[in-house]
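# Coordinate analysis (summary)
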Amino acid sequence: LERTLTTRAERWIDIFWHSDGPSAIEALRRRGYQILAADFGEGAVEVEAVPLTGPTALIFGSEQLGVSPEVRKCADGLFFLPNSGFTAYINVSVAAAISVYALDRRMRESKLREPLSEADKAALRPAWYSMLARGDHKKEAEYLSWVGSPPGC
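On a predicted model such as this, the values are computed, not experimentally measured, just so you know. Along each chain, the written sequence defines residue order, and numbers are assigned to residues from 1. Residue-level local features of this predicted model are given only where pLDDT is at least 70; pairs of side-chain atoms are given and counted only at 80 or more, and the full residue set underlies all totals for whole chains, interfaces and linings. Heavy atoms from the whole structure form the basis of all side-chain values; hydrogens and water molecules are not counted.

Moving on, we get to the overall build of the protein. Counting its secondary structure elements, the protein contains 6 helices and 4 strands. A run of H or I in DSSP counts as a helix once it spans at least four residues, and a run of E counts as a strand once it spans at least two, with each numbered from the N terminus. N-terminal to C-terminal, the α/β element order of the protein is α-α-β-β-β-α-β-α-α-α. Sorting the 153 residues of the protein into buried and exposed places 20% on the buried side. Pairs at least 24 apart in sequence give 61% of the contacts found in the protein among residues at least 6 apart. Residue burial considers only the protein chains on display, and all accessible areas are found by Shrake-Rupley using a 1.4 Å probe. Taken as a whole, the protein presents about 10800 Å² of accessible surface, with 57% of it coming from carbon and sulfur. Accessible area is worked out with a 1.4 Å probe on protein chains only. A residue is then buried under 20% of its type maximum, exposed over 50%, and partly exposed in between. Whether two residues are in contact is decided by their heavy atoms, any of which lying within 4.5 Å being enough.

DSSP calls a pair of strands paired once it identifies at least 2 bridges connecting them. Spatially, 2-4-1-3 is the arrangement adopted by the 4 strands of the open sheet, whose pairing is parallel. Of all the strands in the sheet, just strand 2 (45–46) and strand 3 (56–59) have a single pairing partner and so form its edges. Sheet analysis places strand 1 (residues 34–38) next to strand 3, joined by 4 bridges and oriented parallel. Residue Gln34 lies in a different strand from strand 3, and its bridge partner there is Thr56.

A few words on the packing of aromatic side chains. Pairs were defined over the aromatic rings of Phe, Tyr and Trp, the Trp ring being its six-membered one, requiring ring centres within 6.5 Å. Orientation was assigned from the angle between planes: stacked under 30 degrees, edge-to-face over 60, tilted for the rest. Scanning the model with the defined rule gives 5 aromatic pairs in all. Consider the rings of Phe60 and Phe79, whose centres lie 5.8 Å apart with planes at 90 degrees: the pair is edge-to-face. Here Phe79 lies in strand 4 (residues 77–80) and Phe60 lies in the loop between strand 3 and helix 3 (69–74), a separation of 19 residues in the sequence. Judged by relative accessible area, which is 24%, Phe60 ranks as partly exposed. Take Phe79: its relative accessible area is 1%, and that puts it in the buried class. When the centroid spacing of 5.0 Å and the interplanar angle of 40 degrees are considered together, the rings of Tyr143 and Trp146 count as tilted. By relative accessible area, which is 16% here, Tyr143 ends up buried. By relative accessible area, Trp146 is classed as partly exposed at 27%.

Salt bridges are counted wherever a side-chain nitrogen of Lys or Arg sits within 4 Å of a carboxyl oxygen of Asp or Glu. Enumeration according to the criterion identifies 8 salt bridges in this entry. Residue Arg29 pairs with Asp76 through a salt bridge whose shortest N-O separation is 2.8 Å. Here Arg29, found in helix 2 (residues 21–30), pairs with Asp76, found in the loop between helix 3 and strand 4; they are 47 residues apart in sequence, far enough to count as distant. Using a relative accessible area of 45% as the deciding quantity, one classes Asp76 as partly exposed. Two residues, Asp39 and Arg72, come together in a salt bridge whose shortest N-O distance is 2.9 Å. In this pair, Asp39 is assigned in the loop between strand 1 and strand 2 and Arg72 in helix 3, connecting sequence segments 33 residues apart. Asp39 sits in the buried class, given a relative accessible area of 12%. Arg72 gets classed as partly exposed once you look at its relative accessible area, which sits at 32%.

What follows deals with the side chain of Asp39. Throughout this description, a polar contact denotes any pair of N or O atoms lying within 3.5 Å of each other; where both atoms belong to protein, one of them has to be capable of donating a hydrogen while the other can accept it, and for residues adjacent in sequence the pair is counted only when both atoms sit in side chains. Here the side chain of Asp39 touches Arg72 through a polar contact of 2.9 Å, side chain to side chain. Ignoring any residue separated from it by four or fewer positions in sequence, one finds Asp39 in contact with Ala44, Val67, Arg72, Leu78, Phe79 and Phe80.

Okay, the nonpolar core next. As a rule of thumb, soluble globular proteins bury nonpolar side chains together. Counting 10 residues, the largest nonpolar core is built from Ile25, Ile35, Ala37, Ala44, Ala57, Ile59, Val67, Val71, Ala75 and Leu78. Listing elements by their share of this core, those giving two or more residues are strand 1 and strand 3. Once you skip the residues sitting within four places of it in the chain, Ala37 turns out to touch Ile59, Val67, Val71, Ala75, Gly77, Leu78 and Phe79. In terms of nonpolar packing, the next biggest core, distinct from the first, is built from 8 residues, Val47, Phe79, Ala95 and Ala102 among them. Throughout, nonpolar core names a set of buried Ala, Val, Leu, Ile, Met, Phe, Trp, Tyr and Cys residues whose side chains join them through atoms within 4.5 Å.

Given below as structure tokens:
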């Protein structure tokens, strides 16, 4: 991953690589995800109407061509961002950000978004503190001393 693009956000997400869309979809489905592809195809619903039925994976294609026919066929459903005027598409990173924000907002409003468990927080703290130290070993040692009893907790 290009560090200047991710700003090291990849530390906080699980990344899985697949050779093609359908194999990625099947792997997600085995983990219990509903698969929705961004597409204006038949049956597509506006992002605000996407059912909040459980873990959901959103798939975005290229800005001009959209998702592949294989991905469209394998997805559980299609969704779109409404637009007006003559623009047929939105930059894919912007579309992803808007879509994730819209679903996250709805999940929070519906009390469906679960916060990190205390066990998950404890597991992530060492990496978080090391990252915050930005290579300063003295600060890192101080921050890591907080792992068992974080300030403010």
